[in-house]
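Structural characterization, general
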Amino acid sequence: MDYDFVNVCRDELRLCGVHEGEAVAILSSDAAGELMGHAAAFMQAAKELGALPYHVRVPANRGAGGGAWEVGQTPLSGHPAAMAALSKEQLEIQASGTRVLLAVEPVDVLTRLLPTPELRERVEFAGELLSSAESLRIEHDNGTRLVYRLGRYPVITEYGYTDEPGRWDHWPSGFLFTGAYDDGVDGTMVLAPGSILYPFKSHIRTPITLRIEDGRIVDLSGELDAELMRNYMDQFHDPDGYAISHIGWGLNEKALWSGPMMDTRGIGQEGRSFYGNVLFATGPNQELGGKNASPCHLDIPLHGYSLYLDDRQIINAGDVVVNEMRPRQ
Ligand SMILES: [Fe+2]
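A few points on the structure. Remember, it's a predicted structure, so these values are computed and weren't measured experimentally. Here, residues in each chain are numbered from 1, in the same order as that chain's written sequence. Per-residue local features are limited, in this predicted model, to residues with pLDDT of at least 70; the limit for side-chain atom pairs, both in listing and counting, is 80 or more; totals at the level of whole chains, interfaces and linings are taken over all residues. To get the side-chain values, all heavy atoms of the structure are used, and hydrogens and water are removed first.

**A short note on the environment of Asp299**
Runs of E in the DSSP output that reach at least two residues are strands. Runs of H or I that reach at least four are helices, and both are numbered from the N terminus. Along the chain, Asp299 falls in strand β16 (residues 298-302). A 3.5 Å cut-off defines polar contacts: any pair of N or O atoms within that distance qualifies, except that in protein one atom must be a possible hydrogen donor and the other a possible acceptor, and neighbouring residues in sequence count only when both atoms are side-chain atoms. Side chain to side chain, Asp299 and His246 meet in a polar contact 2.9 Å long.

**A few points about the packing of aromatic side chains**
Within 6.5 Å between ring centres, the rings of Phe, Tyr and Trp (the latter by its six-membered ring) count as paired, and their orientation is classed by plane angle as stacked under 30 degrees, edge-to-face over 60, tilted in between. Under the defined criterion, the tally for this structure stands at 6 aromatic pairs. Summarising the aromatic geometry, the rings of Tyr159 and Tyr161 are spaced 5.1 Å apart at their centres and angled 70° between planes, so their arrangement reads as edge-to-face. You can call Tyr161 buried: its relative accessible area is 3%. In this scheme, Lys NZ or Arg CZ marks a charge over a ring once it lies within 6 Å of the ring centre and within 35 degrees of the ring normal. Sitting above the plane of the Tyr308 ring, Arg137 keeps its charged end 4.3 Å from the centroid. One residue, Arg272, lies across the ring of Tyr198, its end atom 4.2 Å from the ring centre. Classification of residues uses two cut-offs on accessible area relative to the type maximum, computed with a 1.4 Å probe and protein chains only: under 20% is buried, over 50% is exposed, and between them is partly exposed.

**Structural notes on the side chain of Ser28**
Looking at where Ser28 falls in the secondary structure, it is placed in strand β1 (residues 23-29). Judged by relative accessible area, which is 10%, Ser28 ranks as buried. Residues are treated as being in contact if the distance between any of their heavy atoms lies within 4.5 Å. When sequence neighbours within four positions are dropped, the list of residues in contact with Ser28 reads Met36, His55, Val56, Arg57 and Val58.

**Structural notes on the nonpolar core**
Each nonpolar core is a collection of buried residues, namely Ala, Val, Leu, Ile, Met, Phe, Trp, Tyr and Cys, held together in the definition by side-chain atoms within 4.5 Å. Residues Tyr148, Met189, Leu191, Leu210, Met229, Trp249 and Phe280 are the most contacted members of the largest nonpolar core, which totals 72 residues. Tallying contributions element by element places helix α1 (residues 3-15) first for this core, with 6 residues. Residues within four places of Met189 in sequence aside, it is in contact with Ile138, Thr144, Leu146, Ile208, Thr209, Leu210, Ile212, Phe280, Leu302 and Tyr305.

**Remarks on a nonpolar patch on the surface**
A surface patch of nonpolar side chains, about 270 Å² in accessible area, is lined by Leu27, Tyr54 and Val56. The residue Tyr54 is located in strand β2 (residues 52-58) in this model. Candidates for patches are residues over 30% relative accessible area with no salt bridge; among them, like charges are joined within 9 Å and nonpolar side chains (Val, Leu, Ile, Met, Phe, Trp, Tyr) within 5 Å. Here, Shrake-Rupley sampling with a 1.4 Å probe gives the accessible areas, and only protein chains in the shown set may cover a residue. What makes a salt bridge here is a side-chain nitrogen of Lys or Arg within 4 Å of a carboxyl oxygen of Asp or Glu, nothing more.

**Points about the sheet that holds strand β6 (residues 156-158)**
In space, the 5 strands of this open sheet follow the order β6-β8-β14-β15-β16, with antiparallel pairing throughout. Pairing within the sheet leaves two strands with one partner each, and these edge strands are β6 and β16. Taking the axes of each pair of neighbouring strands and ignoring which way they run, one obtains an average angle of 20° across the sheet. Across 3 bridges, β6 lies against strand β8 (residues 175-178) in antiparallel orientation. Only strands joined by at least two bridges in the DSSP assignment are considered to pair. For helices, the fitted line uses only the C-alpha atoms of the stretch in contact; every axis is such a line through C-alpha atoms, and the angle between N-to-C directions lies from 0 to 180 degrees.

**With respect to the environment of His303**
Here His303 lies in the loop between β16 and β17 (306-309). Given a relative accessible area of 30%, His303 falls into the partly exposed group. With 26 residues separating them in the primary sequence, His303 and Asn277 have C-alpha atoms 5.4 Å apart. When neighbours within four sequence positions are excluded, His303 is seen to be in contact with Gly194, Ser195, Trp257 and Phe274.

As structure tokens, this is what we get:
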């Protein structure tokens with residue numbers, strides 16, 4: 001038993017408001033052998049809080065397209081939020097008021113990125129601003145200018161713990177997102193070197209230019225990285241994979257932009273959360289309540305971009321300029 005990690009899990013469960021006498025179900029997959037230590041640590045931590053933990057182990061569920069994800073080894077694979085939204089059973093569980101927390105990153109990442117109420121406040125403040133915005137614009141001096149028409153879909157915040165009835169969250173995180181109207185994204189997105197491509201878990205080395213009309217990629221060009229991206233997307237033979245998915249930004253100052261260069265065992269929450277990244281994504285919008293259920297999904301945290309809500313600047317070249325979103329010293 002890794003008692004240092006048990007202590008971290010106990011702090012996490014305290015943040016989640018787990019109390020004496022409360023039932024805590026720990027769900028894992030029979031294929032996720034490397035995560036058995038996580039389950040054991042949560043079990044011990046819940047016991048120490050006087051809660052009533054139990055461990056449920058289910059068979060791995062390999063759905064359509066699941067094999068395309070490098071992490072296609074657990075029923076929680078691929079995009080976790082999307083998988084959560086796809087699971088009718090899970091929605092029923094949440095509707096009953098049960099809080100759900102996903103924790104599948106390596107122990108050292110979870111330990112380093114233990115969330116705080118301060119992070120939550122900043123993410124929730126950002127969520128309020130995003131909720132009231134009618135448009136979002138991304139800019140970069142590499143020729144990027146992409147506009148999202150907002151208002152159709154809800155804003156989802158992830159800050160790494162859940163103490164509200166029925167709430168789903170993912171440890172670690174520290175970002176927020178929404179989606180545009182299905183035909184409401186237009187412009188040019190040039191993916192600059194240094195941006196991260198998930199599920200590849202690698203940084204882009206050569207620019208990729210996307211021309212986007214009515215919420216769809218109509219042209220994808222560039223050199224090696226563009227060819228790799230196209231090669232990945234084409235395997236699905238799915239036009240919906242070329243739609244524009246969720247959009248938001250990261251606020252976790254402890255998450256490292258270089259995270260994917262050091263550790264690729266998890267599903268990449270660190271790279272999606274780093275402070276000041278604009279989290280651009282392509283493919284499905286089902287997790288937001290939309291109809292696009294394409295299995296072809298790329299999350300692309302952008303490094304060094306600017307973001308505006310209704311012409312109010314939120315991020316300037318990767319630096320968050322709204323005081324309430326900046327870490328308190
Ligand atoms: Fe995503």
